[in-house]
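Read off the chains here:
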Amino acid sequence: MTRTLSFNQRGVLAGDFSPPGDKSISHRAVMLGALAEGQSEFTHFLDAEDCLHTLGAFQAMGVQAVYTPDQKRVRIRGAGLQGLQKPARELYLGNSGTSMRLLLGILAGQRFDCTLTGDDSLTSRPMKRVTGPLKQMGAQIKGKDGANFAPLSMHGGKLKGIDFENHLASAQVKSAILLAGLYADGVTRVREPRASRDHTEKMFEAAGADFFKENGWLCVRKTARLNPLSFKIPGDFSAAAFFIAGAAMLPGSKVRINHVGLNPLRTGLLGVLERMGATIRVETETALPEPVGTILVEGKRLSGTRITGAEIPSLIDELPILMTVMALSEGESLISGAEELRVKETDRILSMVTNLNAAGGELKELPDGCMIRGVARFHGAEVQSFGDHRTAMSMALASLAADGEIVIHDTDCIATSFPGFQGAFESLRRGAF
Ligand code: S3P
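Residues numbered from 1 in each chain as written. Predicted model: local features only at pLDDT ≥ 70, side-chain atom pairs only at ≥ 80, totals over all residues. Heavy atoms only, no water.

Draft legend 1. Structural detail: the pattern of salt bridges. According to the stated counting rule, one finds 35 salt bridges in the structure shown. Among the ionic pairs, arginine 225 bridges to glutamate 37, the shortest N-O distance being 3.2 Å. Linking arginine 225 in the loop between strand E13 (217-221) and strand E14 (230-232) with glutamate 37 in strand E3 (residues 37-43), this pair joins segments that are 188 residues apart in sequence. Arginine 225 gets classed as partly exposed once you look at its relative accessible area, which sits at 38%. Taking relative accessible area as the criterion, glutamate 37 reaches 35% and is therefore assigned partly exposed. The residue aspartate 317 makes a salt bridge to arginine 348 at a minimum N-O spacing of 3.9 Å. One end of the pair, aspartate 317, is in the loop between strand E18 (306-307) and helix H10 (319-327); the other, arginine 348, is in helix H11 (residues 348-358), with 31 residues separating them in the sequence. Considered together, aspartate 317 and arginine 348 belong to a single accessibility category, that of buried residues. Taken together, the shared-partner salt bridges connect Arg125, Arg197, Asp317, Glu345, Arg348, Asp388 and Arg390 into one network. (Salt bridge = Lys/Arg side-chain N within 4 Å of Asp/Glu carboxyl O. Helix = DSSP H or I, 4+ residues; strand = E, 2+ residues; numbered from the N terminus. Buried < 20%, exposed > 50% of the residue type's maximum accessible area, 1.4 Å probe, protein only.)

Draft legend 2. Expanded view of the site of the ligand. Surveying the vicinity of the ligand reveals the residues Ser24, Arg28, Thr98, Arg101, Ser170, Ala171, Gln172, Arg197, Ile316, Asp317 and Lys344. Serine 170 places a side-chain nitrogen or oxygen 2.7 Å from an oxygen atom of the ligand. A distance of 3.0 Å separates an oxygen atom of the ligand from a polar backbone atom of alanine 171. In isolation the ligand exposes 380 Å². Once the protein is present, 95% of that is buried. Because more than half of its atoms lie within 2 Å of the grid, the ligand is assigned to the largest pocket. Those elements that place two or more of their residues in the shell around the ligand are helix H1 (23-35), helix H3 (97-107) and helix H6 (171-181). (Near = heavy atom within 4 Å. Polar contact = N/O pair within 3.5 Å; in protein donor to acceptor, adjacent residues only side chain to side chain. Areas by Shrake-Rupley, 256 points an atom, 1.4 Å probe, with all protein chains shown as cover. 1 Å grid on protein atoms, 1.4 Å probe; cavity = no way out; pocket = protein on both sides within 12 Å on 5 of 7 lines; lining within 4 Å. Sits in = over half its atoms within 2 Å of the grid points.)

Draft legend 3. Main features of the sheet that holds E13. Strand order in the open sheet formed by four strands is E10-E11-E13-E12, with mixed pairing between adjacent strands. Two strands lie at the open edges of the sheet, namely strand E10 (163-165) and strand E12 (211-214), each paired on one side alone. Across the sheet, the axes of successive neighbouring strands diverge by a mean angle of 20°, strand direction being ignored. When E10 meets strand E11 (residues 187-191), the two strands line up parallel, connected through three bridges. Paired with phenylalanine 164 across the bridge in E11 is valine 190. Along the sheet, helix H7 (residues 199-207) contacts E12 and E13; its crossing angle with E12, the most-contacted strand, is approximately 125°. (Pairing = 2+ DSSP bridges. Axes fitted to C-alpha atoms, helices over the stretch in contact; angles between N-to-C directions. Contact = heavy atoms within 4.5 Å.)

Draft legend 4. Representation of the domain arrangement of the protein chain within the structure. As assigned here, the protein chain comprises domain 1 (5-19 + 234-429) and domain 2 (23-220). Domain 1 and domain 2 are separated by 28 Å when their C-alpha centres are compared. Counting from both sides, the interface comprises 27 residues of domain 1 and, opposite them, 23 residues of domain 2. Where domain 1 abuts domain 2, roughly 2,200 Å² becomes buried across the two surfaces, and 52% of that area is made up of carbon and sulfur atoms. One can count three salt bridges joining domain 1 with domain 2. A salt bridge links aspartate 317 to arginine 197, with the shortest nitrogen-to-oxygen separation between them at 3.2 Å. At the boundary of domain 1 with domain 2, the tally comes to eleven residue pairs in polar contact (both at pLDDT 80 or more). A breakdown of the residues in the side of domain 1 that touches domain 2 according to their chemical character gives twelve nonpolar, seven polar and eight charged. (Domains from an automatic or database assignment. Buried area = accessible area lost by both parts, 1.4 Å probe. Nonpolar A, V, L, I, M, F, W, Y, C, P; charged D, E, K, R; others polar.)

Following this line, the structure appears as structure tokens:
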């Protein structure tokens, strides 16, 4: 059990916020930089535990990568697609599902054997969704329950392209198979029921991978070399989301989010908040390889809405904070088609329903989401993060509408994605409304 945070002040959010670097893009920057030939340089890198685990894994495979904390800059001398070396020991990836799933794809193409493991949460998350198709491509992978759980031992090498039609919309799965496709004979093709975030595809294009789209399939051919990349990583929309949603639901709030990633496959939260009545203005400045801009939000009492399957991939990581917002909105809300939340860092349907109800919310758990009847205020409560960063941060935002103290136990997990959260929260928080 780790640090406890307590918040005992109702309030609103006001001011400017520049979110830390995007987590998904920071992971991929390290991965593609390491596999490229030549020097890549990324600024505004997210120095959260998850991304540092990815960086550490490539350093352990002989890649020269230097992170300069005061400039949030990573410089990577790429080893080339064939230049990774067998690590001296197993690769420990902490809490990071993205590190593990994407690395599985890359390691499937290597000629050395390697074992991947992580913390209690990561070793209980399903991996068959990735190891299954990688085995079809020719990788030999061993682990509990038919390679469903880490530790996973990878014996990669000779891969062949497959057509993989995923039943889930998952960027981690898609990316793992496409990364393996860089090494596979023939063409590797992936299709998903709905588009998930496309950061890997965008970076493949920027790095000159043999990647193309055809009739709804994402296709990659064995690639000889990747070009190095250099760019400023956009601010993380999913980190900013706590303050966007918090500001939107609290009358009297006014927040401006600067240099934030606006990839349309990530920003579903904005459409939902607008549907609930929120006042939001978005100004896009173009930036490659990802759109970036500014978001202005003003608070008011919102009305309930429904979120169903089609919208889920574009706001998958924002559902915990949306549950907080819905719990405080006028009338009823419904989230359905979100069964993937049950296999995130914790079961986020259970963690958020339990916590918000403890604080006076009226939520009913469903197998694939929840039903919510809005209340005007929360009351004080003692809750758990369940080891999940987004559950912890969503409850911190709930405290702004609580008559009483919200005590959140086990909050060290916040550092997996957003080490500066508490400081940012304190600096945006203003007195009671
Ligand atoms: C991510 C994809 C999503 C998301 C996760 C990051 C990525 O997971 O929830 O936080 O960087 O590819 P799934 O692919 O499991 O939906």
